[in-house]
Amino acid sequence: MRIVLVGPPGAGKGTQAAYLAKNLDIPHISTGDLFRANISQGTALGVEAQSYMKAGQLVPDSVTIGMAQDRMEQPDAVNGFLLDGFPRNLAQAEALDEILKEGGVQLDAVLDLEVPEDEVVKRIAGRRICRNDSSHVFHAIYNAPAVEGVCDVCGGELYQREDDSEETVRKRLEVYHTETEPIIDYYRAQGLVVTISALGKVDEVTAKAMDALKK
Ligand code: AP5
Ligand code: ZN
């Protein structure tokens with residue numbers, strides 16, 4: 001299956017993607033995680049991305065599209081993938097269409113996670129991620145690790161993301177409304193969008209998402 005996951009910052013895309021990718025046996029491709037890995041490795045791409053991310057703005061398409069395409073062309077993604085955080089504007093959605101067309105494949109669904117803004121703010125405020133791998137995601141209250149400050153998956157140190165400050169979150173939400181929401185209509189016109197409420201416990205949301213994807 002080829003799936004795009006969309007939803008505001010803090011909706012739980014990364015959290016759900018980890019379970020959905022496992023259940024569906026496809027790789028989880030998160031452009032945010034790819035950027036964070038480049039930042040921690042100090043690559044030129046990471047250096048370029050960092051200032052945009054810190055400001056809550058989108059990293060330019062010229063950097064993002066190539067990075068996403070490279071990842072989608074890895075051998076583990078030939079039979080499908082779950083895209084998390086890409087595409088994030090109409091130009092990226094059109095670029096993805098081209099990439100898929102070249103590969104002779106199509107998207108199966110766009111899963112839209114709906115969460116009210118006050119819940120998103122609470123989720124982001126308590127989020128803690130792992131130094132070793134930013135796809136290891138916890139929440140200080142809602143999804144606490146067994147030992148405070150320690151990643152359950154790999155034992156790494158947990159910390160708060162640099163772009164999770166109140167001011168940057170406000171900017172990220174604004175960018176989501178202006179740049180990213182229009183792609184939902186773009187995909188709706190293609191009959192691909194399934195919307196679910198992402199309120200409730202993590203496993204309840206996963207179950208709803210799996211149900212919606214089966215239809
Ligand atoms: P990215 O990393 O993609 O961030 P985002 O879209 O803002 O999404 P988040 O990672 O903040 O949230 P999430 O929905 O994954 O929620 P999570 O599962 O962590 O992008 C960051 C930046 O990179 C962008 O601002 C941009 O600069 C750049 N970028 C990335 N992609 C780009 C692109 N394509 N083009 C240009 N720039 C790009 O959950 C949040 C918290 O809630 C966690 O603590 C979790 O434990 C908790 N939680 C999850 N589910 C539940 C639940 N059901 N109940 C209670 N708590 C829950
Ligand atoms: Zn970890």
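Residues numbered from 1 in each chain as written. Chains lettered and ligands numbered in written order. Predicted model: local features only at pLDDT ≥ 70, side-chain atom pairs only at ≥ 80, totals over all residues.

Trainee: Before we go on, may I ask you to explain the overall build of the protein in this structure?
Mentor: When helices and strands are tallied, the protein shows 8 helices and 8 strands. For a compact globule of 215 residues, the expected C-alpha radius of gyration is about 17 Å, and the protein comes in at 16 Å, within 12% of that figure. A principal-axis box enclosing the C-alpha atoms of the protein has dimensions of 45 × 40 × 35 Å. Here the protein holds 215 residues, and the buried ones make up 34% of them. Of the contacts made within the protein by residues no fewer than 6 positions apart, 71% connect residues no fewer than 24 positions apart. (Helix = DSSP H or I, 4+ residues; strand = E, 2+ residues; numbered from the N terminus. Rg over C-alpha atoms; globule rule 2.2 N^0.38 Å. Buried ≥ 20, exposed ≤ 12 C-beta atoms within 10 Å, placed from the backbone. Contact = placed C-beta atoms within 7 Å.)

Trainee: What am I meant to see in the UniProt feature "binding site: ATP" (unreviewed entry) in the protein here?
Mentor: Under the feature "binding site: ATP" (unreviewed entry), the UniProt entry names Gly10, Ala11, Gly12, Lys13, Gly14, Thr15, Arg127, Val137, Phe138 and Gly200. Note on placement: Lys13 falls in helix 1 (residues 13–24). Discounting residues that sit within four places of it in the chain, Lys13 has contacts with Leu5, Gly7, Asp84, Gly85 and Leu113. Relative to the helices and strands, Thr15 is located in helix 1. Once residues within four sequence positions are removed from consideration, Thr15 is found in contact with Val137 and Val202. (UniProt positions renumbered as here; feature names shortened; annotations may be inferred.)

Trainee: Where do I start with the UniProt feature "domain: Adenylate kinase active site lid" (unreviewed entry) in the protein in this structure?
Mentor: Using the residue numbers shown here, the UniProt feature "domain: Adenylate kinase active site lid" (unreviewed entry) corresponds to residues 127–163. The span residues 127–163 is 0% helix and 24% strand, and its two end C-alpha atoms sit 11 Å from each other.

Trainee: What exactly am I supposed to notice about the site of ligand 1 here?
Mentor: The immediate surroundings of ligand 1 are formed by 36 residues, with Pro9, Gly12, Gly32, Gly85 and Arg123 found nearest. Contributions of two or more residues to the shell around ligand 1 are made by helix 1, helix 2 (31–41), helix 3 (44–54), strand 6 (137–139) and helix 8 (202–214). Residues that form the shell around ligand 1 fall into these classes: 13 nonpolar, 16 polar and 7 charged. (Near = placed C-beta within 6 Å. Nonpolar A, V, L, I, M, F, W, Y, C, P; charged D, E, K, R; others polar.)

Trainee: Help me out: how do you make sense of the sheet that holds strand 5 (residues 127–130) in this one?
Mentor: In space, the 3 strands of this open sheet follow the order 6-5-7, with antiparallel pairing throughout. The open sheet has two edge strands, strand 6 and strand 7 (158–159), and neither has a second partner. Two elements, strand 5 and strand 6, share 3 bridges in a ladder whose sense is antiparallel. Following the sheet pairing, Arg128 is matched in strand 6 by Phe138. (Pairing = 2+ DSSP bridges.)

Trainee: What is the right way to look at the sheet that holds strand 3 (residues 81–84) in this model?
Mentor: Strands belonging to one sheet form pairs held by backbone hydrogen bonds; the direction of such a pair is parallel or antiparallel. Pairing within the open sheet is parallel, and its 5 strands lie in the order 2-3-1-4-8. Taken across any chain shown, the strands that pair with only one partner, and hence form the sheet edges, are strand 2 (28–30) and strand 8 (193–197). Direction aside, neighbouring strands of the sheet carry axes that sit 25° apart on average. Two strands pair when backbone bridges link them, and strand 4 (residues 109–114) and strand 8 are joined in this way by 5 bridges, in the parallel orientation. Following the sheet pairing, Val110 is matched in strand 8 by Val193. (Axes fitted to C-alpha atoms, helices over the stretch in contact; angles between N-to-C directions.)

Trainee: What exactly am I supposed to notice about the environment of Gln69 here?
Mentor: Topologically, Gln69 is positioned in helix 4 (residues 61–72). For Gln69, a count of 15 C-beta atoms within 10 Å translates into the label partly exposed. Distance in space between the C-alpha atoms of Gln69 and Leu100 is 9.7 Å, their sequence separation being 31 residues.

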